[in-house]
Amino acid sequence: MECDHCFVWGSPKAGGVFTIEQIKNVLAEAKNLGTVDFVSLEGGEHFLYYPIMVRAVEEAVKLGFRVEVLSNCYWATSPEDAVEWLLPMAKAENVELSLSSDLYHGENWRIEEVENAVKAANDLNMKAEILSIKYPKAKVSCPSEIEGAKVGLYELMYKGRATSKLAQEADKKPWREFTECPYEDLVDPERVHVDPLGYVHVCQGLSIGNAWQKPFSKIIEEYNPCENPILEPLIRGGPVALVEKFGLPHDEFYADACH
Ligand code: SF4
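Overview of the pattern of salt bridges
Right, on to step 1. Following the criterion strictly, the structure yields 13 salt bridges and no others.
Right, on to step 2. The residue K218 makes a salt bridge to E222 at a minimum N-O spacing of 2.9 Å.
Right, on to step 3. Given a relative accessible area of 37%, K218 falls into the partly exposed group.
Right, on to step 4. Taking relative accessible area as the criterion, E222 reaches 40% and is therefore assigned partly exposed.
Right, on to step 5. It is possible to trace a salt-bridge network through shared partners that takes in R55, E59 and K62.

Some points on the state of the cysteines
Right, on to step 1. Applying the stated criterion across every chain, the model contains zero disulfides.
Right, on to step 2. No disulfide involves C142; its sulfur sits 15 Å from that of C73, the nearest cysteine.

Regarding the environment of K91
Right, on to step 1. Tracing the backbone through its elements, the reader meets K91 in the loop between α3 (79-90) and β3 (95-100).
Right, on to step 2. Using a relative accessible area of 70% as the deciding quantity, one classes K91 as exposed.
Right, on to step 3. Distance from K91 to L124, taken between C-alpha atoms, is 8.6 Å for residues 33 residues apart in sequence.

Re the domain arrangement of the protein
Right, on to step 1. Domains assigned within the protein are domain 1 (1-167) and domain 2 (171-259).
Right, on to step 2. On a C-alpha basis, the centroid separation for the pair domain 1 and domain 2 is 24 Å.
Right, on to step 3. Across the contact, 19 residues belong to domain 1 and 20 residues belong to domain 2.
Right, on to step 4. Between domain 1 and domain 2, the buried area comes to about 1700 Å², and carbon and sulfur atoms account for 67% of it.
Right, on to step 5. Where domain 1 touches domain 2, the interface holds seven residue pairs in polar contact (both at pLDDT 80 or more).
Right, on to step 6. Broken down by element, the side of domain 1 that touches domain 2 gets its largest block of residues, six residues, from helix α1 (residues 20-33).
Right, on to step 7. The residue makeup of the side of domain 1 that touches domain 2, split by class, is 11 nonpolar, four polar and four charged.

Some words on the packing of aromatic side chains
Right, on to step 1. Enumeration over the complete set of coordinates arrives at eight aromatic pairs.
Right, on to step 2. Measuring from centroid to centroid gives 6.3 Å for Y74 and W85, while their planes differ by 70°, and the two rings are edge-to-face. In this pair, Y74 sits in the loop between β2 (66-71) and α3 while W85 sits in helix α3, placing the two residues 11 residues apart along the sequence.
Right, on to step 3. Classification of Y74 by relative accessible area gives partly exposed; the value is 34%.
Right, on to step 4. On the basis of relative accessible area, W85 is assigned to the partly exposed category, the value being 25%.
Right, on to step 5. Of the aromatic side chains, those joined through ring pairs into one cluster are F47, Y50, Y74, W75 and W85.
Right, on to step 6. It is K31 that lies over the ring of F65; its NZ or CZ is 5.2 Å from the centre.
Right, on to step 7. Positioned over the ring face of F7 is K159, at 5.2 Å from the centre of the ring.

Here is what the cut-offs are and how they apply
Residues numbered from 1 in each chain as written. Predicted model: local features only at pLDDT ≥ 70, side-chain atom pairs only at ≥ 80, totals over all residues. Heavy atoms only, no water. Salt bridge = Lys/Arg side-chain N within 4 Å of Asp/Glu carboxyl O. Buried < 20%, exposed > 50% of the residue type's maximum accessible area, 1.4 Å probe, protein only. Disulfide = S-S within 2.5 Å. Helix = DSSP H or I, 4+ residues; strand = E, 2+ residues; numbered from the N terminus. Domains from an automatic or database assignment. Contact = heavy atoms within 4.5 Å. Buried area = accessible area lost by both parts, 1.4 Å probe. Polar contact = N/O pair within 3.5 Å; in protein donor to acceptor, adjacent residues only side chain to side chain. Nonpolar A, V, L, I, M, F, W, Y, C, P; charged D, E, K, R; others polar. Phe/Tyr/Trp six-rings, centres within 6.5 Å; stacked < 30°, edge-to-face > 60°. Lys NZ or Arg CZ within 6 Å of the ring centre and 35° of its normal.

In structure tokens form, the structure reads like this:
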């Protein structure tokens, strides 16, 4: 898929996927840190690399991590079939599903494939929750549950493809208002993203190092945002401070701080 709001520019044309060796490297490094207890598998859509995704879950469970598997459920063509896809992961207790269902992933808030996946998860006693992104001009309101799975409704962030596909139509505010980062704790981040190229992101697109060049645990242990030319102004005064520090060209109005 190529959802309009995707902040990692997910697409059938996008390249790059972890190898099992790279997955084991990052998981072992995360274990070394001693502070990491939760691993989330996200994409793109990693069910496209199904055996590698299942292996990643198994490796993470073996190391004692709680594991979250995100998906758009394209594979859940019926509840019975969905059971077959989920079965290998259902054996482990601490594996939970976060499934995308909203007006960016489909025509309705309730997407049939997601309903199938939740029915299968219920049959397999797997924990499943729904991730939905707010849709400014939605005519119908977002449901609170799908097949018993709680729906979490999150802000639309104008990052990635949302800046080119959605920001145009969005209500705007004067650029000077964006004096803080609304979504990430850049001083003391509790979560980072690692991509198949090895980049370690504190926010999608903000890299603090490359885990294929320096051990992941070392990148985290040496994290000092005040010495980072991008993070220092973002922490001090949001995107406005970033613009002022480098005298960057900018428009007068933006949809949000991320934009
Ligand atoms: S303001 Fe920047 S750093 Fe903060 S969440 Fe948005 S894109 Fe990320």
